[in-house]
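# Coordinates in review
Residue-level listing of the chains:
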Amino acid sequence: MANQALKQWVDSIAKLATPDRIVWCNGSAEEDLALKKELVSAGTLIALNEKKWPNSFLYRSHPNDVARTEAQTFICSRDKADAGPTNNWMSPADAETRVYAILRQAMRGRTMYVVPYLMGPVGSPCSRVGVEITDSPYVVISMRVMTRMGQIALDHLGDGTDFVRGVHCTADLHPERRYICHFPETSTILSVGSGYGGNALLSKKCHSLRLASVQGRRENWLAEHMLILGVTTPAGHKHYVAAAFPSACGKTNLALLVSALPGYKVETVGDDICWLHPGNDGRLWAVNPEAGMFGVAPGTNTRSNPNAMTSVRQNAIFTNVALTADGSPWWEGLDDEVPGRLTDWRGLGWTLEKGEPAAHPNARFTVSLRECPSMSREMDSTRGVPISAILFGGRRARLAPLVYEAFNWDHGVYVGATMVSETTAAANGDVGVPRNDPMAMLPFCGYNMGDYFAHWLTFAGPKRPKIFHVNWFRKDNDGKFLWPGYGENIRVLKWILDRVEDRVSAIDSPIGRLPRSTDIDTSNMLMPANRLRALLDVDRGTWLQEAERNGAFLERFGDRLPMTLRREHGALIRRLEFPPAA
Ligand code: OXD
Ligand code: MN
């Protein structure tokens, strides 16, 4: 090992955690196979039916450790104000004291794995190296799927010192001794007491969003919770779209969409994280730093997401799904037929009469994007892909129309900053409660979100993408979804791209530009005109209430809230109170 800075850091953690063995992971197939064999013999992994699900495994996490734990996630900046009002903060010294006390001798009798990984395409100036030290072999095999892992990352690093240092230790999994701490000033992560992906695969939320967002601010780029997809139109024009939705709101489904409209083809560049850089040509260029998907399993099926189903047919790791008698994975919504008997996500016998889900609602599949039939070759492009449109979206049963376009960049930043979505099972806590989730980054922005909004505003420019807001989740008075979603969402993307190409006009409303109902292509679908009108309806009274609520949320940022957003907020209220005569 030539890199002295890396060696010294690994030595210092080994001294603290006192593992029996240290293994430097090279990312090879042999290493992966050996680890999986070891995990299967230890009973930590269950090999699935080899004929039906080749080289695929089931992992069960501890029942108290099945989702991200936002209450135990901390930004440990020197100055509390730099973490902002939406993050939990702990001083770096306090955090180190608490976590080091847990780490001390915590790997005794265990193996410490050193996992170098590269976020972003090989050879790209946008790519970044991280090294995760972990005592969890499940984390190692998952990191090999989710990142470009092993020697490739060491080659990229050379003898450099600029890498994210992540320490993960399973410890005793006690929720009160669980800490996910981020130190933006030293590019360090300390994560103890959880084996759940979002807390333990440090490349993902901890590095590529929380720390990378801080780095992006310093270096003039953006680290975002966005999928990236390419659409080729029937005329042969290719556009790339980046879309920010909160966790478990359909990013993977949209990224892997199979078009319901003939002539449109969708390719997948990324399903969760996007690093956006301004190009010399004035456009924003996007790379997906990851190499795999850590997708929500429940609800995934051959109708909702055929590409995901093909992707997981081999070489997949399933977490907290149920198991059928023939060794297949199962989850709610997989197929219409519910097996009579299953082993549930905890490993207990299950029948329908139990009245509870067999798979955990946040059960996941981990699989390489290379298994995905819609994977774009541009995933490996060193400069990324140019973005034509940015979408913000939430899960809103009421209020937000199917789609609208922001008037300009500043208004688009306001639309993103005031995003609201109903909470999901991806994080611990109540499900279905509306909460402000700016740019879908509430749990992932590593610094004061007031400064984050200001950073977004600096990206205004004539060649920047148009910004839109979408909502697939609006319901009627009987609680039924008004829009079918999934493959039909291409109809909304079509309108968006028609706007990008200036092929269609729009109607100005107080909240933004709306499609004419006749401009949403409803060919070959059952969509009564009154339902489409309901989907596009903007009720001024309810929007005024929403604006008031958002005003109170924005006030939390005090003088860190950019004046431009205050102006946008005032302008929205005026447009809602005094709409221009039609
Ligand atoms: C995820 C999440 O796992 O957002 O991607 O929770
Ligand atoms: Mn996510």
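Once a new chain begins, its residue numbering starts again from 1 and follows that chain's sequence as written. Chains carry letters and ligands carry numbers; both start at the beginning, A for chains and 1 for ligands, and go up in the order they are written. Since the coordinates come from a predicted model, pLDDT governs what is reported: local features require at least 70, and pairs of side-chain atoms require 80 or more to be given and counted, while whole-chain, interface and lining totals use all residues. Only hydrogens and water are set aside when side-chain values are computed; all heavy atoms of the structure are taken into account.

## A word on the site of ligand 1
The immediate surroundings of ligand 1 are formed by Arg 68, Lys 204, Lys 205, His 225, Ser 247, Asp 272, Phe 294, Arg 364, Ala 426 and Phe 444. Counted as a polar contact is a pair of N or O atoms within 3.5 Å, where, for protein atoms, one must be capable of donating a hydrogen and the other of accepting one, and residues adjacent in sequence contribute only when both atoms are in side chains. In this structure, Arg 68 approaches ligand 1 through a side-chain N or O atom, which is 3.0 Å from an oxygen atom. A total of 210 Å² of accessible area belongs to ligand 1 in isolation, and the protein chains cover 97% of it. Residues are classed as near a molecule or strand on a simple rule: at least one heavy atom within 4 Å of it. Accessible areas in this description were obtained via Shrake-Rupley with a 1.4 Å probe; residue shielding takes into account the shown protein chains only.

## Points about the packing of aromatic side chains
The aromatic pairing rule takes the rings of Phe, Tyr and Trp, using the six-membered ring of Trp, and pairs them if the centres are within 6.5 Å, calling planes under 30 degrees apart stacked, those over 60 edge-to-face and the rest tilted. Applying the stated criterion across every chain yields a total of 18 aromatic pairs. Judged by centre distance (5.7 Å) and plane angle (25°), the rings of Trp 409 and Trp 456 are stacked. Highlighted residues: Trp 409 in helix H10 (residues 409–417) and Trp 456 in helix H11 (residues 449–457), separated in sequence by 47 residues. Buried residues are those whose accessible area, probed at 1.4 Å on protein chains only, stays under 20% of the maximum for their type, while exposed residues exceed 50% and partly exposed ones sit between those limits. When its relative accessible area of 8% is taken as the criterion, Trp 409 is described as buried. Here Trp 456 falls in the buried class, since its relative accessible area comes to 0%. Counting every residue linked through ring pairs, the aromatic cluster contains Tyr 447, Tyr 452, Phe 453, Phe 553 and Phe 557. Over the ring of Phe 444 we find Lys 205; its NZ or CZ atom is 4.4 Å from the centre of that ring. Look at NZ for Lys and CZ for Arg. If either is within 6 Å of the ring centre and within 35 degrees of the ring normal, a charge sits over the ring. Over the aromatic face of Phe 473 sits the side chain of Arg 395, whose NZ or CZ is 4.3 Å from the ring centroid. The way it works is that DSSP assigns letters per residue, a run of H or I at least four long becomes a helix, a run of E at least two long becomes a strand, and they are numbered from the N terminus.

## Quick notes on the sheet that holds strand E3 (residues 57–59)
By this definition, two strands are paired if DSSP reports at least two bridges between them. Taken in spatial order, the five strands make up an open sheet running E2-E3-E19-E24-E18, and their pairing is mixed. Edge positions in the open sheet fall to strand E2 (45–47) and strand E18 (292–296), since each of these has one partner strand only. Neighbour to neighbour, the strand axes of the sheet diverge by 25° on average, direction disregarded. Taken together, the three bridges between strand E19 (residues 317–319) and strand E24 (residues 364–368) define a ladder with antiparallel strand orientation. Residue pairing for E24: Phe 318 is matched across the bridge by Phe 365. Throughout, a contact is declared for two residues whenever any of their heavy atoms are within 4.5 Å. Inter-axis angles, ranging from 0 to 180 degrees, are taken between N-to-C directions of lines fitted to C-alpha atoms, where helices are fitted over the stretch in contact. Contacting E2 and E3, helix H2 (residues 29–41) runs over the sheet at an angle of about 100° to E2.

## Side note on the pattern of salt bridges
What counts as a salt bridge is simple: a side-chain nitrogen of Lys or Arg found within 4 Å of a carboxyl oxygen of Asp or Glu. Under the criterion given, the structure shown has 36 salt bridges. Arg 513 is the salt-bridge partner of Glu 405, the closest N and O atoms lying 4.0 Å from each other. Highlighted residues: Glu 405 in strand E26 (residues 403–405) and Arg 513 in strand E31 (residues 512–514), separated in sequence by 108 residues.

## Examining H2
Compared with an ideal rise of 1.5 Å per residue, which puts 13 residues at 18 Å, H2 spans 18 Å between its outermost C-alpha atoms and is within 8% of the ideal. Residues of H2 that are buried include every one of Glu 31, Asp 32, Leu 35, Lys 36 and Leu 39, and no others. Each buried residue of H2 lies within a common arc of 130° when the element is viewed along its axis, so the set occupies one face. Looking at H2, the residues exposed on the side facing more than 90 degrees away from the buried face are Glu 30, Lys 37 and Ser 41. Residue count minus one, scaled by 1.5 Å, sets the expected span of a helix. This arc describes the spread of directions from the helix axis toward the C-beta atoms.

## What about the coordination of the manganese ion (ligand 2)?
Metal coordination angles in their ideal form are 109.5 degrees for the four-donor tetrahedron and 90 or 180 degrees for the six-donor octahedron. Only N, O and S atoms count as donors, using a 2.8 Å limit from the metal and a wider 3.2 Å limit for Na, K and Ca, and since water is excluded some coordination spheres may look unfilled. Looking at the metal site, the manganese ion (ligand 2) is ligated by Lys 205 (NZ), His 225 (NE2) and Asp 272 (OD), spaced 2.2 Å from it. All donor residues of the manganese ion (ligand 2) come from one chain, and their arrangement in sequence is K-x19-H-x46-D. With Lys 205 in helix H7 (residues 203–219) and Asp 272 in the loop between strand E15 (265–270) and strand E16 (274–278), the pair connects residues that are 67 residues apart, well separated along the chain. For Lys 205, a relative accessible area of 5% translates into the label buried. By relative accessible area, Asp 272 is classed as buried at 9%.

## A word on the domain arrangement of the protein
Note that the domain bounds were set by an automatic or database domain assignment. Taken domain by domain, the protein holds domain 1 (4–42 + 70–219) and domain 2 (224–292 + 376–576). In this assembly, 35 residues from domain 1 lie in contact with 34 residues from domain 2. Buried surface at the junction of domain 1 and domain 2, both sides included, amounts to about 3000 Å², of which 54% is carbon and sulfur. There are seven salt bridges connecting domain 1 and domain 2. With a closest N to O distance of 3.4 Å, Arg 560 and Asp 82 form a salt bridge. Along the contact surface separating domain 1 from domain 2 lie 20 residue pairs in polar contact (both at pLDDT 80 or more). Contributions of two or more residues to the side of domain 1 that touches domain 2 are made by strand E6 (111–119), helix H4 (137–146) and H7. When residues in the side of domain 1 that touches domain 2 are grouped by element, the largest group, ten residues, is from H7. Note on terms: buried area is the combined drop in 1.4 Å-probe accessible area of two parts once they are placed together, counting the loss on both.

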